2 protein chains.
Amino acid sequence: MTDAAIIDGKAFAAGLRDRVATAVAGLKRDHGLTPGLAVVLVGEDPASQVYVRNKGKQTLEAGMESYEFKLPDTTSQEDLLAKVHELNADPKVNGILVQLPLPKQIDEQAVLAAIDPNKDVDGFHVVNVGRLNTGSADALVPCTPLGCLLLLRDYFGGALSGKKAVVVGRSNIVGKPMFNLLLQESCTVTVAHSRTADLPAELGQADIVVAAVGRPEMVKGEWLKPGAVVIDVGINRIEKPEGGTRLVGDVDFAGASKVAAAITPVPGGVGPMTIACLLRNTVTAACRQNGIDEPSM
Amino acid sequence: MTDAAIIDGKAFAAGLRDRVATAVAGLKRDHGLTPGLAVVLVGEDPASQVYVRNKGKQTLEAGMESYEFKLPDTTSQEDLLAKVHELNADPKVNGILVQLPLPKQIDEQAVLAAIDPNKDVDGFHVVNVGRLNTGSADALVPCTPLGCLLLLRDYFGGALSGKKAVVVGRSNIVGKPMFNLLLQESCTVTVAHSRTADLPAELGQADIVVAAVGRPEMVKGEWLKPGAVVIDVGINRIEKPEGGTRLVGDVDFAGASKVAAAITPVPGGVGPMTIACLLRNTVTAACRQNGIDEPSM
């Protein structure tokens, strides 16, 4: 049996970052507009510090402005909301991202709800969720599912209509927006999850599988339809038998790559797409806020 | 083969209206609160006039206040928005419904967006769509899919988890909110539509079918899984061979009732549930606005 093609998210993300940088250069040249992304980090969580640093670095590399705000982990909800309101009102700031998780004294939902939906480049605001679900062109789309969609559009040359897609997982961050995006592409979409009676039977029919459950290697190769295209959103760290750890996805890569037509690896698949889509969303938001046609990216 | 059980939406809706009336009586007695529903009708569309009259009548019968506003079909968008803002600010008005369609000079989306989401008893506001999609307890749910869900919960005694459901149709008014509701009940949910490659194959696996496509009798009995439960949202008027017209659903009732375990008739199935759920939503909205625990209805 032939091994599946590898969908190289790392390379695609690099290309997307280049297209974003080209778009940014065009906005500067033609409109005097430099998109700006504000990232707010509360506290000292080491993983969050790494994410925020990477986001800031890639924002600058794309030619945009990066505004970083590091607040102490004793910050009150009132002070954080005041910072969000200040960024909402600042025309230099086109995108606002409050890094999660937030310290215990702060109501995450209240903070996310305070972000201007048109600057909500994470796409988690209830207004953007509603826009996406209703098919509004104003939606800002969550970065990870948007990244999955861009990989699928690229693989299929845009011809997603009528494909049968199964999304495994129903989170607000990946599963549900992925459903909305695939439905918009006129796929027939099934959402499966922990209560699904017969997951292998569901997957055995799927032309497209998006796995986003956070359970290492739970989707087995023998469950897949031969020729399926598999997008693996999971990033799980597991212990190696010989000691040490390694990263694996939600899909049993070795088994799946014997059956699927194409598959994203972990790492190097969906992971690198997330920040690239955040940059793309920031340019999108900047264009909409300034009444400029969105460049193709 | 045994004929399917008939899911009697007319009787269920009558029972729901009784429970709403009991809830309203309790709110009056215990909290001095009489829920109020405002319906705004612009122009002279005969079908809309009938709907508005029925809504007003049933609102009063449930013991609530009904506020009807009939505006001329020359009403400007500005004047209609002013009316909506007035109703948003009026504490006696707990629910606001602007009857669609609106005259051409008015932007429907702008009017719907102006309604206070917490008074949006139609559940069409983008904020309520987002709340429903994310599973927020604050959502007001569109009346027709809510009615379908109540019928299904009643039929299955609440045991919907793990059932395989196929929703045919992807409208913002029925198909997509129905998906969200069934997913919340932990069904495995597929949304099929006009681009679906093999609708019979999808339906042949479904424990639950919700048909909402607006095409007379397009879902055939032989496509169904024996023992399926079928909710038919369609209301289509077709010509009879002998002259005159009759109402039919989106499902071939005669064929389906030979295969299904249970099915809603047309008329008398989903239809009567819509206004009953509007009344229920008005009580829900009134309770939330006043910080009162919602009575069971």
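Here is what the cut-offs are and how they apply
Residues numbered from 1 in each chain as written. Chains lettered and ligands numbered in written order. Predicted model: local features only at pLDDT ≥ 70, side-chain atom pairs only at ≥ 80, totals over all residues. Heavy atoms only, no water. Pairing = 2+ DSSP bridges. Helix = DSSP H or I, 4+ residues; strand = E, 2+ residues; numbered from the N terminus. Axes fitted to C-alpha atoms, helices over the stretch in contact; angles between N-to-C directions. Contact = heavy atoms within 4.5 Å. Buried area = accessible area lost by both parts, 1.4 Å probe. Salt bridge = Lys/Arg side-chain N within 4 Å of Asp/Glu carboxyl O. Polar contact = N/O pair within 3.5 Å; in protein donor to acceptor, adjacent residues only side chain to side chain. Least-squares fit on C-alpha atoms with pLDDT ≥ 70 in both. 1 Å grid on protein atoms, 1.4 Å probe; cavity = no way out; pocket = protein on both sides within 12 Å on 5 of 7 lines; lining within 4 Å. Points joined across faces, edges and corners; volume = space filled by probe spheres on them. Nonpolar A, V, L, I, M, F, W, Y, C, P; charged D, E, K, R; others polar. Buried < 20%, exposed > 50% of the residue type's maximum accessible area, 1.4 Å probe, protein only. Lys, Arg positive; Asp, Glu negative; His and termini not counted. Domains from an automatic or database assignment. Phe/Tyr/Trp six-rings, centres within 6.5 Å; stacked < 30°, edge-to-face > 60°. Lys NZ or Arg CZ within 6 Å of the ring centre and 35° of its normal. Left-handed = near helix turned anticlockwise from the far one by under 90°. Expected span 1.5 Å × (residues − 1). Parallel < 35°, antiparallel > 145°, perpendicular 65-115°, else oblique.

1. Structural notes on the sheet that holds strand 4 (residues 95-98) of chain B
Residue and element names in this part refer to chain B.
Phase 1 of the analysis: The 3 strands lie next to each other as 3-2-4, forming an open sheet whose pairing is parallel. Pairing within the sheet leaves two strands with one partner each, and these edge strands are strand 3 (65-71) and strand 4. Strand-to-strand twist of the sheet, defined as the mean angle between neighbouring strand axes without regard to direction, takes the value 15°.
Phase 2 of the analysis: Of the strand pairs in this sheet, strand 2 (residues 36-42) and strand 3 are connected by 7 bridges, and their pairing is parallel. In the sheet register, Leu-37 faces strand 3, and the bridge partner there is Ser-66.
Phase 3 of the analysis: Contacts from helix 2 (residues 46-61) reach strand 2, strand 3 and strand 4, with the element oriented near 160° to strand 3.
Phase 4 of the analysis: Contacts from helix 3 (residues 77-89) reach strand 2, strand 3 and strand 4, with the element oriented near 180° to strand 2.

2. Section: the interface of chain B and chain A
Phase 1 of the analysis: Chain B puts 30 residues into the contact, and the matching count from chain A is 30 residues.
Phase 2 of the analysis: Here chain B and chain A share an interface that buries about 2500 Å² over both sides, 53% of which is from carbon and sulfur atoms.
Phase 3 of the analysis: Counting the contacts that link chain B with chain A gives 2 salt bridges.
Phase 4 of the analysis: The salt bridge involving Glu-202 of chain B is made with Lys-164 of chain A; its shortest N-O contact spans 2.7 Å.
Phase 5 of the analysis: Seen at the junction of chain B and chain A, the total is 22 residue pairs in polar contact (both at pLDDT 80 or more).
Phase 6 of the analysis: Going through the elements one at a time, helix 5 (126-134), helix 7 (175-184) and strand 6 (188-192) of chain B are the ones with two or more residues in the side of chain B that touches chain A.
Phase 7 of the analysis: Ranked by residues supplied to the side of chain B that touches chain A, first place goes to helix 5 of chain B with 7 residues.

3. Structural notes on the pattern of salt bridges
Phase 1 of the analysis: This structure, assessed with the given rule, holds 20 salt bridges over all chains.
Phase 2 of the analysis: The closest approach of N and O atoms between Asp-90 of chain B and Lys-92 of chain B, which form a salt bridge, is 3.4 Å.

4. Remarks on the sheet that holds strand 8 (residues 229-232) of chain B
Phase 1 of the analysis: Across the sheet, which stays open at both edges, the 12 strands sit in the order 1(A)-11(A)-8(A)-7(A)-5(A)-6(A)-6(B)-5(B)-7(B)-8(B)-11(B)-1(B) with mixed pairing between neighbours. Every other strand in the sheet has two partners, leaving strand 1 (5-6) of chain A together with strand 1 (5-6) of chain B as the edge strands with one partner each.
Phase 2 of the analysis: Of the pairings in the sheet, the one linking strand 1 of chain B to strand 11 (residues 262-263) of chain B comprises 2 bridges and is parallel in character. What sits directly across from Ile-6 of chain B, in strand 11 of chain B, is Ile-263 of chain B.
Phase 3 of the analysis: Against the sheet, helix 7 (residues 175-184) of chain A makes contact with strand 5 (164-168), strand 6 (188-192) and strand 7 (208-211) of chain A together with strand 6 of chain B, and its axis sits at roughly 170° relative to strand 5 of chain A, the strand it touches most.
Phase 4 of the analysis: Set on the sheet, helix 7 of chain B makes contact with strand 6 of chain A together with strand 5 (164-168), strand 6 and strand 7 (208-211) of chain B; between it and strand 5 of chain B the angle comes to about 170°.

5. As for the relation of the copies chain B and chain A
Phase 1 of the analysis: When chain B is brought onto chain A, the operation consists of a screw motion whose angular component is 180° and whose axial shift is 0.0 Å, with 0.0 Å RMSD remaining. Here the symmetry operator amounts to a two-fold rotation axis.

6. Some points on empty space enclosed by the protein
Phase 1 of the analysis: Scanning all chains against the criterion turns up 2 cavities of 30 Å³ or more.
Phase 2 of the analysis: Asn-133 and Thr-134 of chain A together with Gly-123, Val-129, Leu-132, Pro-142, Asn-172, Lys-176, Pro-177 and Asn-180 of chain B together form the lining of the largest cavity.
Phase 3 of the analysis: Secondary structure elements with two or more residues in the lining of the largest cavity: helix 5 (126-134) of chain A together with helix 5 and helix 7 of chain B.
Phase 4 of the analysis: Looking at the lining of the largest cavity, the element that brings in the most residues is helix 7 of chain B, giving 3 residues.
Phase 5 of the analysis: Considering only residue class, the lining of the largest cavity consists of 4 nonpolar, 5 polar and 1 charged.
Phase 6 of the analysis: Estimated volume of the second largest cavity: approximately 50 Å³.
Phase 7 of the analysis: Lining the second largest cavity are Gly-123, Val-129, Leu-132, Pro-142, Asn-172, Pro-177 and Asn-180 of chain A together with Asn-133 and Thr-134 of chain B.
Phase 8 of the analysis: Those elements that provide at least two residues to the lining of the second largest cavity are helix 5 and helix 7 of chain A together with helix 5 of chain B.

7. Quick look at the side chain of Lys-176 of chain A
Phase 1 of the analysis: For Lys-176 of chain A, the position within the fold is in helix 7.
Phase 2 of the analysis: Of the buried charged residues, Lys-176 of chain A lacks a salt bridge, with Glu-185 of chain B as the closest side chain of opposite charge at 12 Å.
Phase 3 of the analysis: A polar atom in the side chain of Lys-176 of chain A sits 2.9 Å from the side chain of Asn-172 of chain A.
Phase 4 of the analysis: If near-sequence neighbours (up to four positions away) are discounted, Lys-176 of chain A is found in contact with Arg-170 and Ser-171 of chain A together with Asn-133, Thr-134, Gly-135 and Leu-183 of chain B.

8. Some points on the domain arrangement of chain A
Phase 1 of the analysis: Segmentation of chain A into domains returns domain 1 (31-117) and domain 2 (142-272).
Phase 2 of the analysis: Once you take the C-alpha centre of each, domain 1 of chain A and domain 2 of chain A turn out to be 30 Å apart.

9. Section: the packing of aromatic side chains
Phase 1 of the analysis: Across all of its chains, the model carries 3 aromatic pairs over all chains by this definition.
Phase 2 of the analysis: Seen in terms of ring centroids, Phe-179 of chain A and Phe-179 of chain B are 3.6 Å apart; in terms of plane orientation they differ by 5°. Their pairing is stacked. Here Phe-179 of chain B lies in helix 7 and Phe-179 of chain A lies in helix 7, a pairing that spans two chains. Each member of the pair, Phe-179 of chain A together with Phe-179 of chain B, is buried.
Phase 3 of the analysis: The residue whose ring lies beneath Arg-19 of chain A is Phe-12 of chain A, and the NZ or CZ to ring-centre distance is 5.3 Å.

10. Considering the packing of helix 6 (residues 143-156) of chain B against helix 7 of chain B
All names here are of chain B.
Phase 1 of the analysis: Closest axis-to-axis distance for the helix 6/helix 7 pair is 9 Å, and the angle between their directions is 35°. The interaxial crossing formed by helix 6 with helix 7 has right-handed handedness. Across from Pro-145, Leu-146, Cys-148, Leu-149 and Leu-152 in helix 6, the residues of helix 7 making contact are Pro-177, Met-178, Leu-181 and Leu-182.
Phase 2 of the analysis: Residues of the contact of helix 6 with helix 7, tallied by class, amount to 9 nonpolar, no polar and no charged.

11. Some remarks on helix 1 (residues 9-31) of chain A
All names here are of chain A.
Phase 1 of the analysis: If you check helix 1, its first and last C-alpha atoms are 31 Å apart, about what 23 residues at 1.5 Å a residue would give, namely 33 Å.
Phase 2 of the analysis: Among all positions in helix 1, only Gly-9, Phe-12, Ala-13, Gly-15, Leu-16, Val-20, Ala-23, Val-24, Gly-26 and Leu-27 are buried.
Phase 3 of the analysis: Structurally, helix 1 contributes buried residues whose contacts are with helix 6 (143-156) and helix 10 (271-289).
Phase 4 of the analysis: For helix 1, the capping residue at the N-terminal end is Asp-8, with a side-chain oxygen 3.1 Å from the backbone nitrogen of Lys-10.

12. Things to note about the packing of helix 1 (residues 9-31) of chain B against helix 10 (residues 271-289) of chain B
Residue and element names in this part refer to chain B.
Phase 1 of the analysis: Packing of helix 1 against helix 10 brings their axes to within 9 Å, and their N-to-C directions diverge by 20°. Taken together, the axis directions place helix 1 and helix 10 in an arrangement best described as roughly parallel. Seen from above, helix 1 lies across helix 10 with left-handed handedness. Along its contact with helix 1, which presents Gly-9, Lys-10, Phe-12, Ala-13, Leu-16, Arg-17, Val-20, Ala-23, Val-24 and Leu-27, the element helix 10 presents Pro-272, Met-273, Ala-276, Cys-277, Leu-279, Arg-280, Val-283 and Cys-287.
Phase 2 of the analysis: A class-by-class count of the residues in the contact of helix 1 with helix 10 yields 14 nonpolar, 1 polar and 3 charged.

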